[in-house]
Amino acid sequence: MPVVSLSKAPRDEPLEKAATIERVTKRFGTRDSVQALGEVTFDIGLGEFVAIVGPSGCGKSTLLNMVAGLLPPTTGRIEVLSQYVTGPVRDLGIVFQQHLLLPWRTILENVLLQIEVRRMGRREHKERALSLLERVGLADFASSYPDQLSGGMNQRAAICRALVHDPELLIMDEPFGALDAMTRDQMAMDFHLLSREARKTIIFVTHSISEAVFLANRVVVMTPRPGRVQSIVSIDLGRERHFEMKEDRAFAVYTRHIREMFESMGVLRENTRR
Amino acid sequence: MRVKRLTGDPLAWVTVISTPIALVILWDVSIEVFKIPSFLMPPSQEVWESIVANRQALFLHGQVTLAETLIGFGLSVAIGIPLAMLIVLSKLLDRILNPILVASQAVPKVALAPLLLVLLGYGAAPKIIVALLIAFFPVVVNTASGLRAVNRDTIKLMRSMGGSTWQIFTKVRFPTAVPHILAGFKVAIAFAVVGAVVGEFVGSRTGLGYLMLSATGNFDTALVFACVMVLTAMGIALFYSISLLELVLGRFNRLSRMQQPDEGFGAYGM
């Protein structure tokens, strides 16, 4: 597995592992006729922010589902927080592309769904839910219904729902993919700050190269179906990320490097008419 | 929400009330124009007089039919909803029960009524069974499709929270299914009235079906139409009591409300 580091500065290795993905493959269909995911192996360190980028259908979502224990791998094994995954991983929160808030529940009730289903104390967690909503700017909307809020606001509530039980691991499957470009940038920035405060291990699937570089400590680049790990790029842009960084040379070097990988795989094609 | 729209707009009420009035006028005019004899089709005046004259009989027999309808409908709900749950829960049960369900719908249940009479006698039982048989299919089909109308990722989300199959039912599937279930109820309750009356046609000494049959024997067409009117009123009342239930369960209808087309064009008189 080529681990590409563009700068000479060594990545500070995390001491503990949050997740280990070892020779994992996934096949679907009758007699496993369709290979969705090729052999994938990589580790995720505790507290690390790992982004997975790849073309549509490369199996990134499948991989996430397997890490969450919602789908068994066909071969290989997955370890999360030093335990083999055999069923839904408990110490984890998920955010999907759709917010999936229940339309008949208020925003607060939707956040507390996590607590109810887990049979944790509703009363103790109500305060935490409210402070999370306040943190993402939804303090005034706790008793609103999802259809009264914008897509971005609903997605913020969905992030609160994924964090309300204070999980170690946060899994996000194209969480900003359904939002318009400007909301998306703002969400990425706000989420960057939130993730730094929350100190979670985050696995983040996205189609956007610049979003991946902007947010992550490491970017896992995947090949087209059946997806394999093409390369893992360490992003040494420091802990603090800013919008202006996107115009910096260092940022461009990373995005260009990843884009060229997709070009070499035939996923992206350059304009050849000059 | 229809009721809200009606109360807010007086013009809407005018439309609602004027339609039946127009129909009654059309009725009387066509009798006049086509010279239809009164024993075939009595004018509205005669029907109204018959309703007033026979109000006690209509009330008593109406009560019987209403009771049969409600019990038949109630049983169809009590059987239909658990059955729909089983179908959604298990692929095997779905495969076993689906052909039986479709076959049960294909069987002319009205034709079963004489057989039920032989089996169960002249009492209320065969009427209730016919009402149940007719009503239960829309309940099962709508409930099952409602329980299935859940986003797959929502199920995944619930599973990741450690949610059990039962929790997924109570917290997600049932609330999602409420609008579908109520739509099924609306069809089912109208069907149940038909079932009860048909059961009474076949053999009975009470109920509006019996009253209609004996009035037909006496060439009392006005009373037959009086019975039809009472049955229609009963059907409408039952239908709108389900609508009322929709209002009470309004918050589960948020999804369907969101999907309603907005009425912005109304402002431009379109």
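Calculation criteria
Residues numbered from 1 in each chain as written. Chains lettered and ligands numbered in written order. Predicted model: local features only at pLDDT ≥ 70, side-chain atom pairs only at ≥ 80, totals over all residues. Helix = DSSP H or I, 4+ residues; strand = E, 2+ residues; numbered from the N terminus. Buried ≥ 20, exposed ≤ 12 C-beta atoms within 10 Å, placed from the backbone. Contact = placed C-beta atoms within 7 Å. Rg over C-alpha atoms; globule rule 2.2 N^0.38 Å. pLDDT = per-residue confidence, 0-100. Pairing = 2+ DSSP bridges.

K.L.:
Help me get a handle on the overall build of chain B, residues and values and all.
P.N.:
Looking only at helices and strands, chain B features 12 helices and 0 strands. N-terminal to C-terminal, the α/β element order of chain B is α-α-α-α-α-α-α-α-α-α-α-α. Each principal axis of the C-alpha atoms in chain B carries an extent, and together these give about 70 × 60 × 30 Å. For chain B, the residues scored as buried account for 34% of the 270 residues in total. Looking at chain B alone, contacts between residues at least 24 apart form 77% of all its contacts between residues at least 6 apart.

K.L.:
Tell me about the overall build of chain A, residues and numbers included.
P.N.:
Of the regular secondary structure elements, chain A holds 7 helices and 11 strands. In summary, chain A has a C-alpha radius of gyration of 19 Å against a globular reference of 19 Å for 274 residues, a match within 12%. Reported as C-alpha extents along the three principal axes, the dimensions of chain A are approximately 55 × 45 × 40 Å. Residue burial in chain A is summarised as follows: out of 274 residues, 42% are buried.

K.L.:
Any chance you could break down the confidence of the model for chain B for me, citing the residues and the numbers?
P.N.:
Chain-level statistics for chain B give a pLDDT mean of 87 and a share of 90% at 70 or above. The ipTM, which scores confidence in the relative placement of chains, is 0.87 for this predicted complex, and the corresponding pTM is 0.82.

K.L.:
Which residues make up the interface of chain A and chain B, and what are the values?
P.N.:
Opposite the 18 residues of chain A that make contact, chain B presents 20 residues. Sorting the residues of the side of chain A that touches chain B by element identifies strand S7 (92–95) and helix H2 (107–117) of chain A as the ones contributing at least two each. Among the elements that take part in the side of chain A that touches chain B, H2 of chain A stands out by supplying 3 residues, more than any other.

K.L.:
Outline the pairing of strand S4 (residues 49–53) of chain A, supporting the account with residue identities and numerical values.
P.N.:
Consecutive side chains of a regular strand alternate in pointing toward one face of the sheet and then the other. Residues and elements named next belong to chain A. Burial of S4 is extensive: 5 of the 5 residues sit out of reach of the surface. What you see with S4 is no split at all: Phe49, Ala51 and Val53 on one side and Val50 and Ile52 on the other are buried throughout. Where S4 and strand S9 (residues 201–206) come together, 5 bridges link them in parallel fashion. Bridging across to S9, Val53 finds its partner in Thr206.

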